[in-house]
Amino acid sequence: MEKDTYQRPAAGQHPANLSPAYKSTPTRSPKQPAIVLPQSLSEITGPSLGAERLNALESDLTRQRMGEPLGERIVVHGRVLDENGKPVPKAMLEVWQCNAAGRYHHPGDQHDAPLDPNFTGGGRARADEEGKYEFITIKPGAYPWKNHHNAWRPAHIHFSLFGPAFATRLITQMYFPDDPLLAYDPIYQSVPEAARRRLQAKFDIETTRPEWALAYKFDIVLRGRNATPME
Amino acid sequence: MSHALTPSQTIGPFYFGTLVNGYRADLAPPGVAGERIELVLSLFDTEGVLVPDGLFELWQANSHGRYNHPDDRRNLPLDAGFEGFGRASTDAKGEAHFTTVRPGRVPWPAGGMQAAHINISVFARGVLNRLATRLYFDGDPALAEDPVLKLVDAARRPTLIAKRDAAGVWRLPVHIGGAHETVFFDC
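Below or above, wherever it landed, is the structure these notes cover. (Residues numbered from 1 in each chain as written. Chains lettered and ligands numbered in written order. Predicted model: local features only at pLDDT ≥ 70, side-chain atom pairs only at ≥ 80, totals over all residues.)

With that out of the way, let us pick up the overall build of chain B. Tallying secondary structure elements over chain B gives 0 helices and 9 strands in all. Scanning chain B from its N terminus toward the C terminus, one meets helices and strands in the order β-β-β-β-β-β-β-β-β. Computed over the C-alpha atoms, the radius of gyration of chain B is 17 Å, within 12% of the 16 Å expected from 2.2 N^0.38 for a compact globule of 187 residues. In terms of overall dimensions, chain B has a C-alpha envelope of 45 × 40 × 40 Å along the principal axes. Counting across all 187 residues of chain B, residues that qualify as buried make up 48%. Long-range contacts, defined here as pairs at least 24 residues apart, represent 70% of the contacts in chain B between residues at least 6 apart. (Helix = DSSP H or I, 4+ residues; strand = E, 2+ residues; numbered from the N terminus. Rg over C-alpha atoms; globule rule 2.2 N^0.38 Å. Buried ≥ 20, exposed ≤ 12 C-beta atoms within 10 Å, placed from the backbone. Contact = placed C-beta atoms within 7 Å.)

What follows is the structure in structure tokens.
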């Protein structure tokens, strides 16, 4: 058998599909183990969305409407790397989030909090050759959900990345450092304890822009290639 | 230097409308070579209840069996306008509708060819890790020799094989669990 192109995650990196404290998982998790598939061209290739032309406004979620959204303006930036520490150049990042009041611009969100006509909460950016990316946005609010009594989601931003291959596809959530709600959130807590803090951005005073916006740094690490004799 | 993987989290229920810029239910604009097909994927939970807030993504080779990717270095034609990526949400009926072209066959690392297939990612509220599966085509004589299907118990193989309905539309129900649980892959 040929060697896999992409490393297989060790145990303890990702949540268990069945994480019963998150009440949607029992009816939405497979019972049978996934079948381990040797990596063929189907798995080591994947969409780059390289033909997508991004508008500069897509990465600035505060300038997509007529006026400025309400809330605390923030910079969210970081690098997209692989497990070998190599940048993932030109990686496409997609983000979505609720507004400062904790309400999504989505018909399914019925939380009794105001919508902001100047904030839809969706954005895209393409990392540069060094894997660096940056979004300007508004710090999302916490919001209640029905998972259990007095359940609140900690403030978070959803991230979607493709990486270089079908095998590297990742959807995740970025949280803010030391949010007290993290201790009570079954979605965050579904991640094995040793890996959880990787989902917390770091407050970044160096990138914080004086008189303008606090900055948070969130590096994202995708699966890396196995070493080959040529490398 | 080793870096620790970023853990996966659910897509949640509220991606629609914000991810919508990245939607594409029609993978093959006019002029793309190959047999044009309509494809309907439907999504069910472990109790057979349809999932109206799921997201399907497709990744496929073109009709010549070539992936639009730098790691597919074979001397086969690429089609202008065909990337091979599709994305659509499930609707109130739990269905996602796509139009594309039937993919060509691609090789298997240990030798031989795989039967024509489309790679599928499934995301939904309550799904903490991307679920990866495949779609094959009923009636394809190459199914019998497909090296991936050979890894799957014969009784479960039908969960990967789309069937053509009376209107000519290819349909594949994807069951996250239950009696008809779809085969998912760790790739």
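On to the sheet that holds strand E4 (residues 122-126) of chain A. Residue and element names in this part refer to chain A. Taken together, the 4 strands give an open sheet; going across it, the order is E4-E3-E8-E9, and neighbouring strands pair in antiparallel fashion. Strand pairing shows two members of the sheet lacking a second neighbour, E4 and strand E9 (170-175), which therefore form its edges. Each neighbouring strand pair of the sheet contributes to a mean axis angle of 25°, computed without reference to strand direction. Where strand E8 (residues 156-161) meets E9, 6 bridges bridge the pair, whose relative direction is antiparallel. For His158, the partnering residue across the bridge sits in E9 and is Gln173. (Pairing = 2+ DSSP bridges. Axes fitted to C-alpha atoms, helices over the stretch in contact; angles between N-to-C directions.)

Soluble globular proteins tend to bury their nonpolar side chains together. Within the largest apolar cluster, 102 residues are counted, with the highest numbers of intra-cluster contacts made by Val80, Leu93 and Leu161 of chain A together with Phe56, Leu58, Val122 and Ala124 of chain B. With residues up to four places along the chain from it excluded, the contact list for Leu58 of chain B reads Leu27, Phe85, Gly86, Phe98, Ile118 and Ile120 of chain B. (Core = buried A, V, L, I, M, F, W, Y, C linked by C-beta atoms within 7 Å.)

If you look at the interface, chain B gives 60 residues, while chain A gives 63 residues. For the side of chain B that touches chain A, the secondary structure elements donating two or more residues are strand E5 (117-124) and strand E9 (185-186) of chain B. When residues of the side of chain B that touches chain A are assigned to their parent elements, the largest contribution, 4 residues, is made by E5 of chain B. Bridging between strand E1 (residues 35-36) of chain A and E9 of chain B involves 2 bridges; their strand directions are parallel. In the sheet register, Val36 of chain A faces E9 of chain B, and the bridge partner there is Asp186 of chain B.

All names here are of chain B. Topologically, Arg105 is positioned in the loop between strand E4 (95-101) and E5. In this structure Arg105 comes out as partly exposed when scored by C-beta crowding, with 17 C-beta atoms within 10 Å. Once residues lying within four places of it in the same chain are set aside, the contact partners of Arg105 are Gly65, Met113, Gln114, Ala115, Ala116 and Ala142.

Turning to unusual backbone geometry, a few remarks are in order. Residues and elements named next belong to chain A. The backbone of Asn150 shows a phi angle near 60°, a positive value even though the residue is not glycine. By secondary structure assignment, the location of Asn150 is in the loop between strand E6 (143-145) and strand E7 (151-153). C-beta crowding within 10 Å serves as the criterion here: with 7 such atoms nearby, Asn150 is assigned to the exposed category. Despite not being glycine, Asp178 has its phi angle at roughly 60°, a positive value. Its location among the elements puts Asp178 in the loop between E9 and helix H2 (186-189). For Asp178, a count of 8 C-beta atoms within 10 Å corresponds to the exposed category.

Here we take up the pairing of E5 of chain B. The buried fraction of E5 of chain B is high, at 7 of 8 residues. The turn linking E5 of chain B back onto strand E6 (residues 131-137) of chain B is made up of 6 residues, and Gly126 of chain B within it adopts a positive phi angle of 85°.

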